[in-house]
Amino acid sequence: MSDLVVIVYPTEARAEEMRQTIIGLQKEYLIEIGDAAIAVMHEGGKVKLNQLLNTTALGAVSGSFWGLLIGAIFLMPVFGAALGAASGALGGALTDYGVNDDFMKELSGSLQPGNAALFVLVNKMTGDKVLEALRGTGGTVLKTSLDRTQEQKLRDALADAHGTLPAATEAAPEGEPPAPYPQGSGSPSPVG
């Protein structure tokens, strides 16, 4: 089963840097991701999605190959390639790979203009090594499907940028457990 993790960064560039870090961890076989998309809130409330894979382009390439092959059989390779590319591009544009686009746009509606949310669909990971690689990188967890213990470890690792614990754990009265973090509610405050 896959887990979804959504982390907010103050800029699109910072979110892209973190996506590249996670892709690097995948190359080291420390994490296996199903998708890693970035949603950016622009002035005026428009959300732009930056997908890891361009399904329209992949569909066009695949469609042209099959169209060329079928066209060659019927002695019309150019027509077959063009028709295949067009139908492949249409099929690719209608395909939603990984995290649902409508879900990403809806959840990103709470971001401040200029902020970016990194959506990562995690299939498998070596938790301790991934958390160590992400330690001190900043960001605010907006939503996860991780259990509470794993989510808290992620929040602590991201917040460890200045060697401090998150404010919710510092403000607990003596002898009482720290207050839990809200599950995906409200607007996150950017951490850089």
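Above this text is the structure in question.
Read on for a plain summary of the structure.

About the criteria used
- Residues numbered from 1 in each chain as written.
- Predicted model: local features only at pLDDT ≥ 70, side-chain atom pairs only at ≥ 80, totals over all residues.
- Heavy atoms only, no water.
- Helix = DSSP H or I, 4+ residues; strand = E, 2+ residues; numbered from the N terminus.
- Buried < 20%, exposed > 50% of the residue type's maximum accessible area, 1.4 Å probe, protein only.
- Contact = heavy atoms within 4.5 Å.
- Pairing = 2+ DSSP bridges.
- Axes fitted to C-alpha atoms, helices over the stretch in contact; angles between N-to-C directions.
- 1 Å grid on protein atoms, 1.4 Å probe; cavity = no way out; pocket = protein on both sides within 12 Å on 5 of 7 lines; lining within 4 Å.
- Points joined across faces, edges and corners; volume = space filled by probe spheres on them.
- Nonpolar A, V, L, I, M, F, W, Y, C, P; charged D, E, K, R; others polar.
- Phe/Tyr/Trp six-rings, centres within 6.5 Å; stacked < 30°, edge-to-face > 60°.
- Arc of directions from axis to C-beta.

## A closer look at the environment of Gly-45
Working step 1: In this structure, Gly-45 sits in the loop between β2 (31-41) and β3 (47-50).
Working step 2: Judged by its relative accessible area of 51%, Gly-45 is exposed.
Working step 3: C-alpha separation for the pair Gly-45 and Pro-113, spaced 68 residues apart in sequence, amounts to 7.2 Å.

## A short note on the environment of Val-141
Working step 1: Looking at the secondary structure, you find Val-141 in strand β5 (residues 140-144).
Working step 2: For Val-141, a relative accessible area of 7% translates into the label buried.
Working step 3: In this structure, the C-alpha to C-alpha distance between Val-141 and Arg-155, residues 14 residues apart in sequence, is 6.5 Å.
Working step 4: When residues no more than four places from it in sequence are discounted, the contact partners of Val-141 are Val-6, Ile-7, Glu-151, Leu-154, Arg-155 and Leu-158.

## Considering the sheet that holds strand β1 (residues 3-9)
Working step 1: As summarised here, the arrangement of the five strands in space is β3-β2-β4-β1-β5, forming an open sheet in which the pairing is antiparallel. The outermost strands of the open sheet, each flanked by one partner alone, are β3 and β5. For this sheet, the mean angle separating the axes of adjacent strands, direction not counted, is 25°.
Working step 2: Alignment of β2 against β3, held across four bridges, turns out to be antiparallel. Within the sheet, the bridge partner assigned to Ile-38 lies in β3 and is Asn-50.

## Quick look at the layout of surface pockets
Rolling a probe over the atoms, with the probe sized like a water molecule, indicates the empty space that remains.
Working step 1: Its boundaries defined by the atoms lining it, the second largest pocket holds a volume of some 330 Å³.
Working step 2: Val-5, Val-122, Met-125, Val-130 and Leu-146 are, among the 19 residues lining the second largest pocket, the residues nearest its centre.
Working step 3: Contributing elements (two or more residues each) for the lining of the second largest pocket: β1, β4 (116-125), α5 (127-134) and α6 (148-159).
Working step 4: Looking at which element gives the most residues to the lining of the second largest pocket, the answer is β4, with five residues.
Working step 5: Residues that form the lining of the second largest pocket fall into these classes: 13 nonpolar, three polar and three charged.

## A closer look at the packing of aromatic side chains
Working step 1: Applying the stated criterion across every chain, the model contains one aromatic pair.
Working step 2: Between the aromatic rings of Phe-103 and Phe-119, the centroid separation amounts to 6.4 Å while the plane-to-plane angle is 75°, which identifies the pairing as edge-to-face. Of this pair, Phe-103 sits in helix α4 (residues 101-108) while Phe-119 sits in strand β4; the two residues are 16 residues apart in sequence, bridging distant segments of the chain.
Working step 3: Classification of Phe-103 as partly exposed rests on a relative accessible area of 28%.

## Topic: unusual backbone geometry
Working step 1: We note that Tyr-29 has phi near 65°; this positive angle belongs to a residue other than glycine.
Working step 2: Structurally, the position occupied by Tyr-29 is in the loop between α1 (12-27) and β2.
Working step 3: With relative accessibility at 73%, the residue Tyr-29 sits in the exposed group.

## A word on α5
Working step 1: Burial in α5 covers these residues: Val-130, Leu-131 and Leu-134. Viewed end-on, α5 has its buried residues packed into an arc of 100°, placing them on one side of the element. Those residues of α5 that are exposed and aimed more than 90 degrees away from the buried face are Asp-128 and Glu-132.
Working step 2: Lining the buried residues of α5 we find α1, β2, β4 and α6.
Working step 3: Looking at the residues trailing α5, positive phi occurs at Gly-136, about 75°.

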